[in-house]
Amino acid sequence: MERLYDRLSAYQASDYYGFHMPGHKRQASWGDNLPFGIDITEIEGFDDLHHASGILKDAQELTARVYGAEESRFLVNGSTVGILSAILGCTKKGGKILFARQCHKSVYHAVYLNELNPIYLYPEFDEDLHLNTYISVSAVKTALMEHSDIRAVVIVSPTYDGVISDVEGIAAVVHAYGIPLIVDEAHGAHLGFHPYFDKNALAKGADVVIHSVHKTLPSLTQTAILHVQGEIADRRRIFRYLDMLQSSSPSYVLMASIDNCVHLLAEKRDEMFVPYVKRLQEARAQLKQMKYLKLLETEHYDWSKIVVSAKGGGLSGRELYRILRVKYHLQMEMAAGTYVIAMTSISDTDEGFQRLVKAFLEIDSEIGLKNEQMNASKQMALNDVVEAMEDAMGRLPKNPQVMNSARALEIPLEETEMVLWEESVGRISVEYAYLYPPGSPLIVPGEQVTEEAVRLLQDYRKVGFSIEGLEKDDYLRVQKNW
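The shown structure was predicted, so the numbers you read here are calculated from the model rather than taken from an experiment.

Participant: Got a sec to walk through unusual backbone geometry? Specific residues and values, please.
Facilitator: Following Ser 157, the chain continues into Pro 158 via a peptide bond in cis, with omega recorded as 0 degrees. Mapped onto the elements of the fold, Pro 158 is located in the loop between β7 (150-156) and α6 (167-176). One non-glycine residue, His 329, lies in the positive phi region at around 55 degrees. Mapped onto the elements, His 329 comes out in the loop between α11 (317-326) and β13 (330-332).

What follows is the structure, given as structure tokens:
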């Protein structure tokens, strides 16, 4: 049987280039491949993350200064544990929470754990880009006016696709109601460190912000930071949950990785970001010359994300993803219905960017040659396929919430049954169904399944995506008595 380490070593030795997280891009090295020599536990002289008073206390205080927070905490269980702690600490059991429907599944898990009743914020949808975009200030304001008992607001900005919402405007509205704004800024740990990028959510007034330093910065996978500021969020409760949910034996290797990353930001910011921004600007300028493939971006955007639409070339995002991987040995972060995402970071090389740009331009040119050789009837058929793909995918379904997820997930197994997707319309789901990545549910336990949700499941499956969270392919577990 092949060992995981052997497969990882083979990938390391290959010519595959990763435009995916972690942000260190396998360029940094601490010496030996496996850091056994520095893997310790809480021994004398190395402090204790759960009661930091020495070197870890100093490291977290530096982190707060670098990011502009009042307090920061290292996370060794990823952004997930920060999101769980933030929501549990800012809400009471059975309360009401307002959050963006495209939030990560960890937000939904926090809702389940605290038996919360969710009110959803749906992002705007760009018909031209075929992309879910920002959460509007007006949508937040309307929801808070209609539900005076909401206890916290959660948004994700930037999104997996790089879209940035008006955090400052949203924070002003939320604070007028005396409740905290939690921002999942997992994909924005690099924001605020160069004028090319937007300010981070802390600078815009968010009360709690979670960063995955491993996503876009040179830090090991699973490393993240939770920041708090102001008096609205109950940081004592947040930190109490953090102590409960984080490992009692946190990895000193991971904590050293966070500390090393923060020191780089404090001491070598310009040295790292100036050449990185130059690479990004040059790459984006070249990619905008494509005729069939299209570089996607919105007005307020995280420029580190290179998102390329394939629909103008008659391809699905999955097909473009496969071509880049198989022919060019470029591993993208993700394929969506009509586009692919390349995640970049300060650790990317000139060669990596050159290979990416060259590949996209070649694919674009080959599409042009094929189009010239294609007869009119084939072109019309291709256009029909692309149009159907566009109509079917990308949007978030609006399923009526009949009961909260905590109640739905506690329904006894004998009171549920498995039904085919197409037979589930109108039924109450007792399980999740989501695409991963990005991990945003299409169906949540307690929701009444709509035709739109079923169509999305089927169409994603047709173009090669796997639907996670289900017990069995093509079947959904639902409540019997409905």
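Participant: Describe helix α15 (residues 451-462), with residues and values.
Facilitator: With 12 residues, α15 extends 16 Å from end C-alpha to end C-alpha; this agrees with the ideal 16 Å at 1.5 Å per step. Here α15 has its buried residues at Ala 453, Val 454, Leu 456, Leu 457, Asp 459 and Tyr 460. At the C-terminal side of α15, Gly 464 shows a positive phi close to 100 degrees.

Participant: Describe the sheet that holds strand β14 (residues 334-335), with residues and values.
Facilitator: Here we have four strands laid out as an open sheet, ordered β11-β12-β15-β14, and antiparallel in their pairing. Sheet topology places β11 (294-296) and β14 at the edges, where each strand pairs with a single neighbour. Packing against the sheet, helix α10 (residues 269-287) makes contact with β11 and β12 (305-309), and its axis sits at approximately 10 degrees to β12. Packing of α11 onto the sheet brings it into contact with β12, β14 and β15 (339-343), and relative to β15 it is tilted by some 45 degrees.

Participant: Which residues make up the packing of helix α9 (residues 252-267) against α10, and what are the values?
Facilitator: Two numbers describe how α9 lies on α10: the axes approach to 5 Å, and their chain directions differ by 85 degrees. Overall, the two elements α9 and α10 adopt an arrangement that is roughly perpendicular. Contacts from Leu 264, Leu 265 and Glu 267 of α9 reach α10 at Arg 269, Met 272 and Phe 273.

Participant: Just give me the short version of the pairing of strand β18 (residues 440-443), but keep the residues and values in it.
Facilitator: Bridge count for strand β17 (residues 433-435) against β18 is three bridges, and the pairing is antiparallel. Within the sheet, the bridge partner assigned to Ala 433 lies in β18 and is Ile 443. Hairpin geometry of β17 and β18 is characterised by an intervening segment of four residues between the two adjacent antiparallel strands and by a positive phi of about 95 degrees at Gly 439.

Participant: Describe the layout of surface pockets, naming the residues involved and giving the relevant values.
Facilitator: Volume-wise, the second largest pocket comes out at about 790 Å³. Together, 44 residues line the second largest pocket, and Gln 102, Tyr 160, Pro 437, Pro 438 and Ser 440 are the ones closest to its centre. Among the secondary structure elements, those contributing two or more residues to the lining of the second largest pocket are α3 (78-90), β6 (131-132), α7 (213-216), β14 and β18. Tallying contributions element by element places α3 first for the lining of the second largest pocket, with four residues. Tallied by class, the residues present in the lining of the second largest pocket amount to 20 nonpolar, 19 polar and five charged.

Participant: Tell me what's going on with the pattern of salt bridges, and back it up with residues and numbers.
Facilitator: A full pass over the atoms with the stated rule returns 19 salt bridges. The partner of Glu 2 in a salt bridge is Arg 7, with the nearest N and O atoms 2.7 Å apart. Residue class for Arg 7 comes out exposed when judged on its relative accessible area of 54%. Residue Arg 284 pairs with Glu 297 through a salt bridge whose shortest N-O separation is 2.8 Å.

Participant: Describe the nonpolar core, listing the residues and the values that go with them.
Facilitator: Tyr 67, Leu 181 and Phe 360 are the most contacted members of the largest nonpolar core, which has 130 residues in total. Beyond its immediate stretch of four places on either side in the chain, Leu 181 contacts Val 153, Ile 155, Val 167, Ile 170, Ala 171, Val 174, Ala 206, Asp 207 and Val 208. Among the nonpolar cores identified, the runner-up in size contains 13 residues, and Met 21, Leu 129, Val 307 and Met 343 belong to it.

Participant: I'd love a proper account of the packing of aromatic side chains, names of residues and values included.
Facilitator: With the rule as written, the count across this model stands at 16 aromatic pairs. Between the aromatic rings of Phe 99 and Tyr 120, the centroid separation amounts to 5.2 Å while the plane-to-plane angle is 90 degrees, which identifies the pairing as edge-to-face. Placement of Phe 99 in strand β3 (residues 96-100) and of Tyr 120 in strand β4 (residues 117-121) is noted, with a sequence separation of 21 residues between them. Exposure class is identical for Phe 99 and Tyr 120. Each is buried. Relative to Tyr 122, the ring of Tyr 120 has its centre 6.3 Å away and its plane inclined at 80 degrees; by these criteria the two rings are edge-to-face. Residue class for Tyr 120 comes out buried when judged on its relative accessible area of 15%. Three or more aromatic residues link up through ring pairs in this structure, and these residues are Tyr 67, Phe 193, Tyr 196, Phe 197, Phe 273, Tyr 276, Tyr 301 and Trp 303.

Participant: Break down the pairing of β7 for me, citing the residues and quoting the values.
Facilitator: A large share of β7 lies buried, amounting to six of its seven residues. Relative to β7, β3 runs parallel, the two being bridged by three bridges. Within β7, the position partnered with Lys 96 by the bridge is Ile 150. Across four bridges, β7 lies against strand β8 (residues 181-184) in parallel orientation. The residue bridging Val 153 from the neighbouring strand is Leu 181, located in β8. In the classification by handedness, the crossover that spans β7, the intervening α6 and the parallel β8 is right-handed.

Cut-offs used in this document
- Residues numbered from 1 in each chain as written.
- Predicted model: local features only at pLDDT ≥ 70, side-chain atom pairs only at ≥ 80, totals over all residues.
- Heavy atoms only, no water.
- Helix = DSSP H or I, 4+ residues; strand = E, 2+ residues; numbered from the N terminus.
- Expected span 1.5 Å × (residues − 1).
- Buried < 20%, exposed > 50% of the residue type's maximum accessible area, 1.4 Å probe, protein only.
- Pairing = 2+ DSSP bridges.
- Contact = heavy atoms within 4.5 Å.
- Axes fitted to C-alpha atoms, helices over the stretch in contact; angles between N-to-C directions.
- Parallel < 35°, antiparallel > 145°, perpendicular 65-115°, else oblique.
- 1 Å grid on protein atoms, 1.4 Å probe; cavity = no way out; pocket = protein on both sides within 12 Å on 5 of 7 lines; lining within 4 Å.
- Points joined across faces, edges and corners; volume = space filled by probe spheres on them.
- Nonpolar A, V, L, I, M, F, W, Y, C, P; charged D, E, K, R; others polar.
- Salt bridge = Lys/Arg side-chain N within 4 Å of Asp/Glu carboxyl O.
- Core = buried A, V, L, I, M, F, W, Y, C linked by side-chain atoms within 4.5 Å.
- Phe/Tyr/Trp six-rings, centres within 6.5 Å; stacked < 30°, edge-to-face > 60°.
- Right-handed = clockwise from strand over helix to strand, strands pointing away.

These values are about where atoms sit, not about what they do.
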